[in-house]
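Okay, here's what each chain looks like letter by letter:
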Amino acid sequence: MFKQFRPKSEAISMLGGGAESHRNSGFWLLNANAKDQDSAGTVVVAGLGRSGTSMLAAVLKAADVFMGEKTATGTHEDQQLAALMQPRQRRELLLLIEQRNQDHNLWGFKLPSRQVLEPSLLRLLRRPYLVVIFRDILAIAGRRQVSKGESLQSQLTQSLREYRRLVRFLDQIDRPCLLVSYEKALLDPDLLVDQLDHFLRLNLDAASKAACRASIQVSPDLYRREVRQQQGWQGRLEEVQKDQIKGWAFVGHADAPARVEIWINGLLEHVCMANRPRPDVQSEHQLKTSACGFSIELKTPSQQLKPGDHVSARMAETEQQLRNSPLTYPTP
């Protein structure tokens, strides 16, 4: 069960609606008293995967908020920052944050879908402002069922578990947070843009607001194309050694092996077929064949990994990283 959410009435307030108008605007401000007059800060876009975080990130980019140098085309995920969100990469992450603080008065990022939102992350950021989106849980589970090929019931359970964790997080923090209903935002794009403008002190002019509204789309073509490429794909980067990179991947229940890309320090270095025997993966996922493993031999000294190298494994021609990716050599 959820614990009582912010029992103090002054801690959370509705924006653009209220009891007098009998209108639920779908926008709520949490911890309004924590806002200060300094416009410098960091915007964290968060929510469950498939809940509309990509839409919010697109709006902020249209508002000229820096959201990362290397962002995925359809999902707007900051790949550079995502690669550093591991405990062993804390020093590199702090250096990146410091550099962005120097380069941008206000910057932000969409929290990677695999990253758990924790209060410890906020302590690393300069004046963090959170924008958290909520969506109908059945819609989220349905989208995930299509993309992952798992049962709707399992995705409903998983989504509910993640929502509980998100609400617990919100109950722990004292930073300003704009809560957004995905469905209400689509019904009233003007209000979404106005609330983001006011919350983050963007001071948008009419042209900028128009660009923000134009970026609000339901599953735009680029996003659909990216998700379509990911449908039914599963895999894991399991081991990174000096002279070898191993894991497994498959595409739904297809007979053809998956193609996997290996990126090292942000550069595409290897492409391989996941066609080596992995009877353990076949048994776990009830596959037609065990040919789903991959192993890349790094034979020459120039190919071999050096301490600190970042290794990521992706489904070929997509931005979809395998589970447990990226890894840094040497792994603990």
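Residues numbered from 1 in each chain as written. Predicted model: local features only at pLDDT ≥ 70, side-chain atom pairs only at ≥ 80, totals over all residues. Heavy atoms only, no water.

Draft legend 1. The arrangement of the overall build of the chain in detail. Scanning the chain from N- to C-terminus turns up 11 helices and 14 strands. When the 332 residues of the chain are sorted by exposure, 48% land in the buried category. Considering only intrachain contacts with a sequence separation of at least 6, the fraction spanning at least 24 residues in the chain is 65%. Of the roughly 16500 Å² that the chain leaves accessible, carbon and sulfur atoms contribute 49%. (Helix = DSSP H or I, 4+ residues; strand = E, 2+ residues; numbered from the N terminus. Buried < 20%, exposed > 50% of the residue type's maximum accessible area, 1.4 Å probe, protein only. Contact = heavy atoms within 4.5 Å. Areas by Shrake-Rupley, 256 points an atom, 1.4 Å probe, with all protein chains shown as cover.)

Draft legend 2. Examining the pattern of salt bridges more closely. This model, assessed by the stated rule, comprises 6 salt bridges. Note that Lys209 and Asp194 form a salt bridge whose closest N and O atoms lie 3.1 Å from each other. With Lys209 in helix 9 (residues 206-214) and Asp194 in helix 8 (residues 189-200), this residue pair connects regions lying 15 residues apart in the sequence. Assessed through its relative accessible area of 22%, Lys209 is described here as partly exposed. Owing to a relative accessible area of 35%, Asp194 belongs among the partly exposed residues under this scheme. Ionic contacts of the salt-bridge type, sharing partners, join the residues Asp194, Asp197 and Lys209 into one network. (Salt bridge = Lys/Arg side-chain N within 4 Å of Asp/Glu carboxyl O.)

Draft legend 3. Inspection of the nonpolar core at higher detail. In this structure, Val131, Val180, Leu192 and Leu200 are the most contacted members of the largest nonpolar core, which totals 30 residues. By residue number, the principal contributor to this core is helix 8, which donates 6 residues. What Val180 contacts, discounting residues up to four positions off in sequence, is Gly26, Phe27, Val131, Val132, Ile133, Phe134, Ala185 and Leu192. The next biggest cluster of nonpolar side chains, apart from the first, holds 28 residues, and it includes Leu30, Ala46, Phe66 and Leu179. (Core = buried A, V, L, I, M, F, W, Y, C linked by side-chain atoms within 4.5 Å.)

Draft legend 4. Seen up close, the layout of surface pockets. Each pocket or cavity is described by its volume, and for the second largest pocket that value is around 390 Å³. In this structure, the second largest pocket is lined by 17 residues; those nearest its centre are Gln79, Gln80, Ala83, Asn265 and Gly266. Mapped by element, the contributors of at least two residues to the lining of the second largest pocket are helix 2 (79-83), helix 3 (90-103), strand 9 (258-264) and strand 13 (310-315). A per-element tally of the lining of the second largest pocket places strand 13 first, with 4 residues. Among the residues making up the lining of the second largest pocket, the classes are represented as 7 nonpolar, 7 polar and 3 charged. (1 Å grid on protein atoms, 1.4 Å probe; cavity = no way out; pocket = protein on both sides within 12 Å on 5 of 7 lines; lining within 4 Å. Points joined across faces, edges and corners; volume = space filled by probe spheres on them. Nonpolar A, V, L, I, M, F, W, Y, C, P; charged D, E, K, R; others polar.)

Draft legend 5. Seen up close, the pairing of strand 3 (residues 41-46). Among the 6 residues of strand 3, 6 are classified as buried, and the element is accordingly described as predominantly covered. Here strand 3 shows two buried faces, one formed by Gly41, Val43 and Val45 and the other by Thr42, Val44 and Ala46. Pairing analysis gives 5 bridges linking strand 3 to strand 4 (residues 106-110), with the strands arranged parallel. Note on strand 4: the bridge partner recorded for Val45 is Lys110. When strand 3 meets strand 5 (residues 128-134), the two strands line up parallel, connected through 5 bridges. Each residue of the ladder has a partner; that of Val44, found in strand 5, is Leu130. (Pairing = 2+ DSSP bridges.)

Draft legend 6. Representation of the sheet that holds strand 8 (residues 244-251) in the model. The strand order across the open sheet built from 4 strands is 7-8-12-11, with neighbouring strands paired in antiparallel fashion. Among the strands making up the open sheet, the edge pair consists of strand 7 (233-241) and strand 11 (276-277). Pairing geometry for strand 7 and strand 8, over 8 bridges, is antiparallel. Bridged to Gln234 within strand 8 is Phe250.

Draft legend 7. Region of the structure containing helix 6 (residues 152-172). Between its first and last C-alpha atoms helix 6 spans 31 Å; for 21 residues at 1.5 Å apiece the expected length is 30 Å, and the two agree. Looking only at helix 6, the buried set comprises Gln155, Ser159, Glu162, Tyr163, Leu166, Val167, Phe169, Leu170 and Asp171. (Expected span 1.5 Å × (residues − 1).)

Draft legend 8. Spatial organisation of the sheet that holds strand 10 (residues 267-274). Strand order in the open sheet formed by 4 strands is 10-9-13-14, with antiparallel pairing between adjacent strands. Two strands lie at the open edges of the sheet, namely strand 10 and strand 14 (327-328), each paired on one side alone.

Draft legend 9. Focus on the pairing of strand 8. Within strand 8, 6 of the 8 residues are buried, which leaves the element mostly enclosed by the surrounding structure. With antiparallel pairing between neighbouring strands as the criterion, strand 7 and strand 8 make up a hairpin whose turn holds 2 residues. Across 5 bridges, strand 8 lies against strand 12 (residues 291-297) in antiparallel orientation. When the bridges of strand 12 are listed, Lys246 appears paired with Ser295.

Draft legend 10. Structural detail: unusual backbone geometry. Geometrically, the link from Ser325 to Pro326 is a cis peptide bond, its omega value of 5° lying close to zero. Here Pro326 shows up in the loop between strand 13 and strand 14. Cis rather than trans, the peptide bond between Tyr329 and Pro330 has omega equal to -5°. With respect to the secondary-structure elements, Pro330 resides in the segment after strand 14. In this structure, Arg50 takes a positive phi of about 75° despite not being glycine. Locating Arg50 in the fold gives a position in the loop between strand 3 and helix 1 (53-62). Unlike most non-glycine residues, Asp64 shows phi in positive territory, near 70°. By the element assignment, Asp64 lies in the loop between helix 1 and helix 2.

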